[in-house]
Amino acid sequence: MDIIWTLLEALIKAVVILTLILLFAAALGVWAERKISAWIQNRIGPNRVGPFGLLQPFADVFKLFMKEDLIPKAADKTFHRIAPIITLGIAISVYAVIPFAGDVQIGDKVYHMGIAPDLNIGILFVLALTSVGVYGITLAGWSSNNKYSLLGGLRSSAQMISYELSMGLALVGVLLIAGSLSLNDIVGKQDVIWRWNVIFQPLGFILFLVSSFAETNRTPFDLPEAEPELVGGYNTEYSGMKFGMFFLAEYANMATASAIMVLLYFGGWQLPIPAEWLGLQQGSISLAIVQFLNFMLKIALFVFFFIWVRWTVPRFRYDQLMNLGWKVLLPLALLNVLLTAIGIWILK
Amino acid sequence: MDIFSIVFYLFAVIIVVSAAIVVMSKNIMYSAFSLLFTFFGVAGIYVLLNADFIAVTQIMIYIGGILILIIFGVMLTSRITGVDIKSGTTGKVQIAFAGVISLVIAITLIFLFANTKWFTSELKPHQSTIEDIGKELLTNYLLAFEVASVLLLIAIIGAAFIARRKS
C-alpha cells in the first residue's frame, strides 16, 4: 500500500507544479515579454484584456485553440504531430527534480517540496533531459518537409549540442565545491549569501549563463528562428495549438534555465540571511512559504534578464555563434574546472 | 506479480517492440526514431537495477549524442538530395540465409543464458553509485580509462583532419 501513497503524493505534486509552470512560467512569461519589450521600445503593450493586459496570454491560447490546424500535404504526419509534444513534454519534465523550498516537517514525517529533489543524480537528470529536448526541434524541422524548417532544425540541433558541452563543463566547478550531484545538497551548502556559489564560481556562472541562452534558443543566439533568413525556422509549418506548444515550451525552458541557475549559483530557495534572524524555525510551513516566494522572485529576476537581453542585443551570425561556443567558451570552461580543482586542493 | 516485475516487463515490452520496429520499418527515419525508445527502455532497466548513474549516462551519450548524429545523417541524406532512403525487398535466398544465422545466434544466446551462473549480490543497493564509480575509474581502472580517452581523442583529431583536408 505504501507504494500507492508514494505514487499518489508524486501525482498531486506533479499536478500542482504543472499548473504553476504553465500559469506562471509560460503565461506570465509571455505577458512579461510583451510588456517589457513595449517598455523598452517606448510603447504601451497589451492593455485591453484584463487589468494591465494580464489576461492577454489566456486570450492568445484561446485563439490558438480555435484556429484551424494545418498539416502540409508533403509533411511526415506522425512526426509532425509528435514533435511539439516532445518539446513541451521535455520542457516540463525537468521540474521533477527541482526543489521549490526546504523540507517541511509535519508531525514526524518529513515532506520534500518537489517531486524528487533528493534524487542523487539530479543535475545529470536535467542535463540528460536537455539533450533529449533537441529531438522535438529537429523532428519539427525535418517532418515539415520545408527547406527553411529543415535549416532551422539543423541549426538548432548543432547549436544545442555545441553549447551543451560548455554548459556541462561549467557545472563541474559547482559539483566540485558541493561534492554532490543532488540539487537538494547543492542548495543546502549555500545557506547564506556569502556562501552562494556565484562568489566562488564567477567565471563558471558567466559561462553557464551564456550557454543557457544558446540552449533555450533565445536572442542573441536565436539562429534557429532567425526571421530574415529562415521565415520562421523550425516552426514555420505549424499552426494552431501545435504552434502554441512550441511557444509555451520556449517560455517554460526559459523558466527552467533560470531555476537551474538560481539553484546552482544563487542559493536556490535559501534566503540571503540565516532563517533564524527572521525568527522562523527550520522545517516549519511558514519558513517554506517564505523560501518558495524567495525562489520564485529569484527566478523572475532571471526571466526579466532573459527578456531584457532579447530586446537590447542583436543576433549573432552563425559562424560567430560556433566560434564563440567552441573557441572561447569551451577552453574557458576547461580553465574553470582546472582553477576550481587547484583551489579546492590548496584549501583542503 | 509485485511492482518490480510489472515495471520490468513494461520496460522489456518497450525495448522489444521498439527494437523490432528499428529492424522491420521500411522508413529509415522511423527506424532511427524508434531506436530512441529502445535506449530509453534500457535506461529504465538500469534505473530498476539501482544503476542510476549508468542510466543517465545512457540517455546523455546514446540519446543525446549518438542517436542525434544518426538522425542528422538520415535527415541530410534522404531529403536534401531528393532520394528517399528506404530498404527494399530482399530475395528468398537472402532471407533463408539470414534466418539460419539469426536462429543459430538466438540458440547460442539462450543456451548461454540458461547455463550461466548469474551472480546475485547479497549487499544492499548503494545510496549513490557515482562516488564509487569515480574512485574505481581513477584507481583500479585508471589504465583502461586513460586508454579510452586517448582513443576518443585520436578519433576527434582524425575526424577534424578528414573534414578539413579539402580546403
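Preceding this paragraph is the structure being described.
Residues numbered from 1 in each chain as written. Chains lettered and ligands numbered in written order. Predicted model: local features only at pLDDT ≥ 70, side-chain atom pairs only at ≥ 80, totals over all residues. Heavy atoms only, no water.

Chemist: What is the right way to look at the overall build of chain B in this model?
Modeler: Scanning chain B from N- to C-terminus turns up six helices and zero strands. Beginning at the N terminus, the succession of helices and strands in chain B can be written as α-α-α-α-α-α. When the 167 residues of chain B are sorted by exposure, 20% land in the buried category. In chain B, once contacts between residues fewer than 6 apart in sequence are set aside, the share between residues at least 24 apart is 53%. Summing over all exposed atoms, chain B offers an accessible surface of approximately 12,700 Å²; the carbon and sulfur share of this is 75%. (Helix = DSSP H or I, 4+ residues; strand = E, 2+ residues; numbered from the N terminus. Buried < 20%, exposed > 50% of the residue type's maximum accessible area, 1.4 Å probe, protein only. Contact = heavy atoms within 4.5 Å. Areas by Shrake-Rupley, 256 points an atom, 1.4 Å probe, with all protein chains shown as cover.)

Chemist: I keep staring at the overall build of chain A and nothing clicks. Help me out?
Modeler: Regarding its fold elements, chain A presents 12 helices and two strands. Start at the N end of chain A and walk to the C end: the helices and strands fall as α-α-α-β-β-α-α-α-α-α-α-α-α-α. Seen along its three principal axes, the alpha-carbon backbone of chain A occupies a region of about 60 × 50 × 45 Å. For chain A, buried positions account for 54% of its 348 residues. Within chain A, contacts between residues separated by at least 24 positions form 78% of all contacts whose residues are at least 6 apart in sequence.

Chemist: Even after reading the chapter, I still don't get the environment of A:Arg43, so can you show me in this structure?
Modeler: Residues and elements named next belong to chain A. Here Arg-43 is to be found in the loop between α1 (2–40) and α2 (56–66). Remark: the alpha-carbon pair of Arg-43 and Thr-6, spanning 37 residues in sequence, is separated by 50 Å. A polar atom in the side chain of Arg-43 sits 2.9 Å from the side chain of Gln-41. (Polar contact = N/O pair within 3.5 Å; in protein donor to acceptor, adjacent residues only side chain to side chain.)

Chemist: Just checking my understanding: could you explain the interface of chain A and chain B for this structure?
Modeler: Accessible area lost during the coming together of the parts is what is often quoted as the interface size. Between chain A and chain B, the contact holds 26 residues from the first and 26 residues from the second. Linking chain A to chain B there are zero salt bridges. Viewed at the interface, chain B and chain A are joined by three residue pairs in polar contact (both at pLDDT 80 or more). For the side of chain A that touches chain B, the secondary structure elements donating two or more residues are α3 (77–93), α4 (122–143) and α5 (147–178) of chain A. Here the element with the most residues in the side of chain A that touches chain B is α4(A); it accounts for 11 residues. (Salt bridge = Lys/Arg side-chain N within 4 Å of Asp/Glu carboxyl O.)

Chemist: Can you help me understand the packing of α3(A) against helix α10 (residues 240–265) of chain A in this one?
Modeler: What describes two packed helices is the angle between their axes and the distance between those same axes. Residue and element names in this part refer to chain A. Look at α3 against α10: their axes get within 8 Å of each other, and the N-to-C directions meet at 20°. Between α3 and α10, the angle is such that the two are roughly parallel. Two packed elements cross with a definite hand, and for α3 against α10 that hand is left-handed. In this structure, α3 contributes His-80, Arg-81, Ala-83, Pro-84, Ile-85, Thr-87, Leu-88 and Ala-91 to the contact, and α10 contributes Lys-242, Met-245, Phe-246, Leu-248, Ala-249, Ala-252, Asn-253 and Thr-256. Residues of the contact of α3 with α10, tallied by class, amount to 10 nonpolar, four polar and two charged. (Axes fitted to C-alpha atoms, helices over the stretch in contact; angles between N-to-C directions. Parallel < 35°, antiparallel > 145°, perpendicular 65-115°, else oblique. Left-handed = near helix turned anticlockwise from the far one by under 90°. Nonpolar A, V, L, I, M, F, W, Y, C, P; charged D, E, K, R; others polar.)

Chemist: It is not clear to me how a nonpolar patch on the surface should be interpreted in this structure. Could you clarify?
Modeler: Residue and element names in this part refer to chain A. Together, Ile-177, Ile-193, Trp-194, Ile-199, Phe-200, Ile-273, Trp-277, Leu-278 and Val-290 give the surface a local cluster of nonpolar side chains, amounting to about 880 Å² of exposed area. Mapping Phe-200 onto the fold places it in helix α7 (residues 197–200). Taking relative accessible area as the criterion, Phe-200 reaches 45% and is therefore assigned partly exposed. (Patch = residues over 30% accessible without salt bridge, like charges linked within 9 Å, V, L, I, M, F, W, Y side chains within 5 Å.)

Chemist: Sorry if this is basic, but what is going on with the environment of B:Leu49 here?
Modeler: Residues and elements named next belong to chain B. Mapped onto the secondary structure, Leu-49 falls in the loop between α2 (28–48) and α3 (52–78). Relative accessible area serves as the criterion here: at 56%, Leu-49 is assigned to the exposed category. Separated by 51 residues in sequence, Leu-49 and Val-100 place their C-alpha atoms 34 Å apart.

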